[in-house]
Amino acid sequence: MPLSKPRLADTLIRRIPPSHRADLSGILISEAELQTRIAAIGRAIAKDYVGKEVLVVSLLSGTVLFLADLLRQLPFPLRVDFMGVSSYHSGTESGHLVFNKELKLEVKGSHVLLVDDILDTGKTLRAVTAKLEALQPASIRTCVLLDKKERRVGTFEADYVGFVIPNLFVVGYGLDYAERYRNLPFVGVLKPSVYSEVAEAPEPVRKVAKKAPKVSKAVGKSIPAKKGKKAGSTGRP
Ligand code: 5GP
Ligand code: MG
């Protein structure tokens, strides 16, 4: 059963701790809200996979904290594997995806639960599900912590969604900007000035940005993308 009901459609952005005030404009989702929602997703997933063993496939690296909390809510036998995928952008153009970490475990005949941090345009999950489908799993379902529905290009829906969020660039709880902020225990909103200043910044800062392709991707996120292809269908356990 999909859990895609918007819970934070009109999100109230709260006050942020002083330590992060310089870079964040607010907290979008608190630690307590994350845990409550993840427990609910865990219950829904557990119901759907009664009597089945699951292969959890998690996309690196943004899922690290979400995955750790979600796994603790899944009371059935499972295996976990990781896939690495990056998107490279040039200017405002949507970039191509590069797989930089392949699965180790056998997918054929498995009930795959694909876990990602954010469903944005849908490009990543469309490509990953197509790649997984070619490996002949028994079924594929997708679970995302965050869904930026209004950014979708084409039609892709996740089976389990934590929170539907507005079109804001978020960090924390595993999500990065230039590989930073992953350790924040909440999901916060990064001030646009943090990433728009990069181009004007002194040399050392620009170097960090160049090394991290996700930076330009992140900046590109707020720019409307072109229409894409329709999503591939996913199987059911
Ligand atoms: P899509 O392929 O759906 O457009 O993009 C999905 C990926 O883009 C996510 O898995 C995530 O890595 C990245 N992404 C999209 N929006 C954000 C955001 O607001 N913050 C961060 N840190 N990453 C994002
Ligand atoms: Mg990602």
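Keep in mind it's a predicted model, so treat the numbers as computed, not measured.

This part is about the overall build of the chain. A tally of regular secondary structure across the chain gives 6 helices and 9 strands. In the chain, which comprises 237 residues, the share counted as buried stands at 34%. Taking the contacts inside the chain whose residues are at least 6 apart along the sequence as the reference set, 70% of them involve residues at least 24 apart.

Turning next to the site of ligand 1. Near ligand 1 there are 18 residues, and of these Asp 120, Thr 121, Lys 123, Thr 124 and Leu 175 occur at the shortest range. Elements that contribute at least two residues to the shell around ligand 1 include exactly strand 5 (111-119), helix 3 (123-133) and strand 8 (170-171). Here the element with the most residues in the shell around ligand 1 is strand 5; it accounts for 4 residues. Looking at the shell around ligand 1, its residues break down into 8 nonpolar, 4 polar and 6 charged.

All right, on to the sheet that holds strand 9 (residues 187-190) then. The strand order across the open sheet built from 3 strands is 1-9-8, with neighbouring strands paired in antiparallel fashion. The sheet is open, and its two borders are formed by strand 1 (24-29) and strand 8, each paired with just one other strand. Sheet topology places strand 1 next to strand 9; 4 bridges connect them, and they run antiparallel. Bridging from a neighbouring strand, Ile 27 pairs with Gly 188 of strand 9.

This part is about the nonpolar core. Note on soluble globular proteins: their nonpolar side chains tend to be buried together. Counting 49 residues, the largest nonpolar core has Leu 113, Leu 114, Val 115, Cys 143, Val 144, Val 170 and Tyr 173 as its most contacted members. Residues within four places of Val 144 in sequence aside, it is in contact with Asp 116, Asp 117, Ile 118, Leu 119, Ala 158, Val 161 and Gly 162.

The subject of this paragraph is the environment of Val 98. Looking at where Val 98 falls in the secondary structure, it is placed in strand 4 (residues 93-101). For Val 98, a count of 11 C-beta atoms within 10 Å puts it in the exposed group. Sequence separation between Val 98 and Thr 124 is 26 residues, and the spatial gap between their C-alpha atoms is 9.9 Å.

This next bit is on unusual backbone geometry. A cis amide bond links Leu 60 with the next residue in sequence, Ser 61, at an omega value of -5°. Its location among the elements puts Ser 61 in the loop between strand 2 (54-60) and helix 2 (64-71).

Moving on to the confidence of the model for the chain. Per-residue confidence for the chain gives a mean pLDDT of 82, with 74% of residues at or over 70. Segment residues 201-236 is flagged for pLDDT under 50; beyond a separation of four residues in sequence, or across chains, it makes 62 contacts in the model.

For Ala 178, the position within the fold is in the loop between strand 8 and strand 9. Residue Ala 178 is classed as partly exposed on the basis of its C-beta count, with 19 C-beta atoms lying within 10 Å. As a C-alpha pair, Ala 178 and Tyr 195 span 17 residues in sequence and 9.2 Å in three-dimensional space.

Here we come to the pairing of strand 9. Relative to strand 9, strand 8 is paired through 2 bridges, and the arrangement is antiparallel. What sits directly across from Val 170, in strand 9, is Val 189.

Okay, the environment of Arg 72 next. Note on placement: Arg 72 falls in the loop between helix 2 and strand 3 (78-90). Counting along the chain gives 33 residues from Arg 72 to Ala 39, while the straight-line C-alpha distance between them is 8.9 Å.

It is worth spelling out helix 2 at this point. Because the α-helix completes a turn every 3.6 residues, residues three or four places apart line up on one side. Among the residues of helix 2, those classed as buried are Leu 65, Phe 66, Leu 67 and Leu 70. As for helix 2, its buried residues are in contact with helix 1 (31-48), strand 2, strand 5 and strand 6 (139-147).

Basis of the calculations
- In every chain, residue numbers begin from 1 and rise along the written sequence.
- Written order determines the labels here, with chains lettered from A and ligands numbered from 1.
- pLDDT decides what is reported in this predicted model: residues at 70 or higher carry local features, side-chain atom pairs at 80 or more are listed and counted, and totals for whole chains, interfaces and linings draw on all residues regardless.
- By definition, any uninterrupted DSSP run of H or I lasting at least four residues is a helix, any uninterrupted run of E lasting at least two residues is a strand, and each is numbered from the N terminus.
- The burial label depends on the number of other C-beta atoms within 10 Å of a residue's C-beta. Counts of 20 or more mean buried, 12 or fewer mean exposed, and intermediate counts mean partly exposed, with C-beta atoms placed from the backbone.
- Distance between backbone-placed C-beta atoms decides contact: two residues are in contact if it is within 7 Å.
- For each residue, a C-beta position is placed from the backbone atoms; the residue is near a molecule or strand when that point lies within 6 Å of it.
- The nonpolar class holds Ala, Val, Leu, Ile, Met, Phe, Trp, Tyr, Cys and Pro. Asp, Glu, Lys and Arg form the charged class, and all remaining residues, Gly among them, are polar.
- Strands pair, by our definition, only if DSSP identifies at least two bridges between them.
- In this usage, the nonpolar core is the set of buried Ala, Val, Leu, Ile, Met, Phe, Trp, Tyr and Cys residues whose C-beta atoms join them within 7 Å.
- Scored from 0 to 100, pLDDT reflects the predictor's confidence in each residue.

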